[in-house]
Amino acid sequence: MLNIKLSHNPLIQYRPIRTSDLEVLEKLHGDLFPIRYESEFFQNVVNGRDIVSWGAVDRNRPNGQSDELIGFVTARTVLAKASDIEEYLRYDSSRSEQTLIYILTLGVADSYRNLGIAGCLIREVIKYALNIPTCRAVYLHVISYNNPAIYLYKKMSFQCLRRLCDFYFINGQHYDAYLFIYYVNGGRSPCSPLELIKLLVTGAKSGFNTVAAKLWKKEDRKPSKWSKCKESGSLLPTKHSKRMSNEDALTQFV
Ligand SMILES: CC(C)(COP(=O)(O)OP(=O)(O)OC[C@H]1O[C@@H](n2cnc3c(N)ncnc32)[C@H](O)[C@@H]1OP(=O)(O)O)[C@@H](O)C(=O)NCCC(=O)NCCS
C-alpha cells in the first residue's frame, strides 16, 4: 500500500527489541499513549525481563535510521489462574499450568500507519503463543474510543468479550475499555455458542426445568463480573468496574 507520508518505499522488517532501542522505544510510547510509563517498564522490555517484545524497522529509511524502531509490541506471560479473565477460559484439569499472553503495548509511528505493520506485530505474538503448549489465549484491553485499534483486533479475529466500565483513569477522566481475546491451542470460552445450542437441544428433549437448572448452576458457579460485549450501540451496563490511574496503568494500556 502506498503511504503518502513517506518519501521513500519502506522495507519493513521485524526483530526482537534490544537495549540499543531504549531511547526510541521511550519516545514512541511518549508520542503514542496518553499515559506515561515508568523507566522500569522500558528497562524490562529492552532486557527481556518478564516481557517479550518485537520491533519493526524500515531498512530503507534514510539518514542512518534503518535500524530504528518504527513500531513495537510488548507482551507478558501470565498464569491463567492468576489473571483477571479466568472465567473466560474453559475448565480443564490441567488448568493450574495454563498460561495466557497479555499484550501490554502496541504502537506504530504515525507515518508508517496503515501498512499492515501492527497486524504483523500481533501475528508475531500469536505465533509465539501458539508455540507455548500451556498457552490458551492472547488478550488485551483497548480504550473504547480507539477505533483504529478496535478495527484491527476485530480484523485479526480477536473476540470482544466485554466492555469494562471506567477501566482507565487518565488525566482526571474515566474511560471504558474493551477486553479482546484470541484463543490458541484449544483454549476457548467456557460456554461456546455450539455448547449453548447443544445444551438447549438437550433441554428441549429432557424438559425446560432441567436446562434451567443447568444454566442456573453454571451461572452460580461463575458469576459474570462484566457485561457482555456487543456491537456498539447495544452495550449492556456494567456491574463491575476496575479503575486504573496513570500510576497503576504501567503495564495495562494498549
Ligand atoms: C492502532 C495502531 C497500532 C494500528 O497500527 P497500523 O500499523 O496502522 O495497523 P495496520 O496497518 O496493521 O491496520 C490498520 C487497519 O485499521 C484501519 N483503520 C485505520 N484508521 C481507522 C479508523 N479511524 N477507524 C477504523 N479503522 C481504521 C486501516 O484501514 C487498516 O485496516 P485495513 O488493513 O483493512 O485497511 C496504530 O494506529 C497506533 O499505533 N495507534 C496509536 C497507539 C495505539 O492506539 N495502540 C493500540 C492501543 S490498543
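Since this is a predicted model, take the numbers as computed values, not measurements. (Residues numbered from 1 in each chain as written. Predicted model: local features only at pLDDT ≥ 70, side-chain atom pairs only at ≥ 80, totals over all residues.)

The subject of this paragraph is the pairing of strand β3 (residues 69-79). As judged from the six bridges shared by strand β2 (residues 52-58) and β3, these two strands associate in the antiparallel manner. Its bridge partner lying in β3, S53 is registered against T74. (Pairing = 2+ DSSP bridges. Helix = DSSP H or I, 4+ residues; strand = E, 2+ residues; numbered from the N terminus.)

What follows deals with the packing of helix α1 (residues 22-32) against helix α2 (residues 39-46). In contact at an axis separation of 10 Å, α1 and α2 are set at 130° when each is read in the N-to-C sense. With respect to α2, the element α1 is oriented oblique. For the crossing formed where α1 meets α2, the hand is right-handed. For the pair formed by α1 and α2, the contact residues are L22, L25 and E26 on the first element and F42, V45 and V46 on the second. Class assignment for the residues of the contact of α1 with α2 results in five nonpolar, no polar and one charged. (Axes fitted to C-alpha atoms, helices over the stretch in contact; angles between N-to-C directions. Parallel < 35°, antiparallel > 145°, perpendicular 65-115°, else oblique. Left-handed = near helix turned anticlockwise from the far one by under 90°. Contact = placed C-beta atoms within 7 Å. Nonpolar A, V, L, I, M, F, W, Y, C, P; charged D, E, K, R; others polar.)

Glancing now at the site of the ligand. Among the 20 residues in the neighbourhood of the ligand, the closest are listed as R113, A118, G119, P148 and Y151. Within the residue set of the shell around the ligand, elements represented by two or more residues are β4 (99-108), α3 (117-130) and α4 (147-155). For the shell around the ligand, the leading source of residues is α4, giving six residues. Here the residues of the shell around the ligand are counted per class, giving 12 nonpolar, six polar and two charged. (Near = placed C-beta within 6 Å.)

Before going further, it helps to examine the confidence of the model for the protein. Mean pLDDT for the protein: 81, with 71% of residues reaching 70 or above. Taken as a whole, residues 208-252 scores under 50 in pLDDT and shows 58 contacts with residues more than four places along the chain or in a different chain. (pLDDT = per-residue confidence, 0-100.)

Let's shift gears to the pairing of β4. Taken across its 10 residues, β4 has 10 buried, putting it largely inside the fold. Relative to β4, β3 runs antiparallel, the two being bridged by nine bridges. Each residue of the ladder has a partner; that of T74, found in β4, is T105. Relative to strand β5 (residues 135-143), β4 runs parallel, the two sharing four bridges. Directly across from T99, in β5, lies its bridge partner C135. For the handedness criterion, the β-α-β arrangement of β4, α3 and β5 is classed as right-handed. (Buried ≥ 20, exposed ≤ 12 C-beta atoms within 10 Å, placed from the backbone. Right-handed = clockwise from strand over helix to strand, strands pointing away.)

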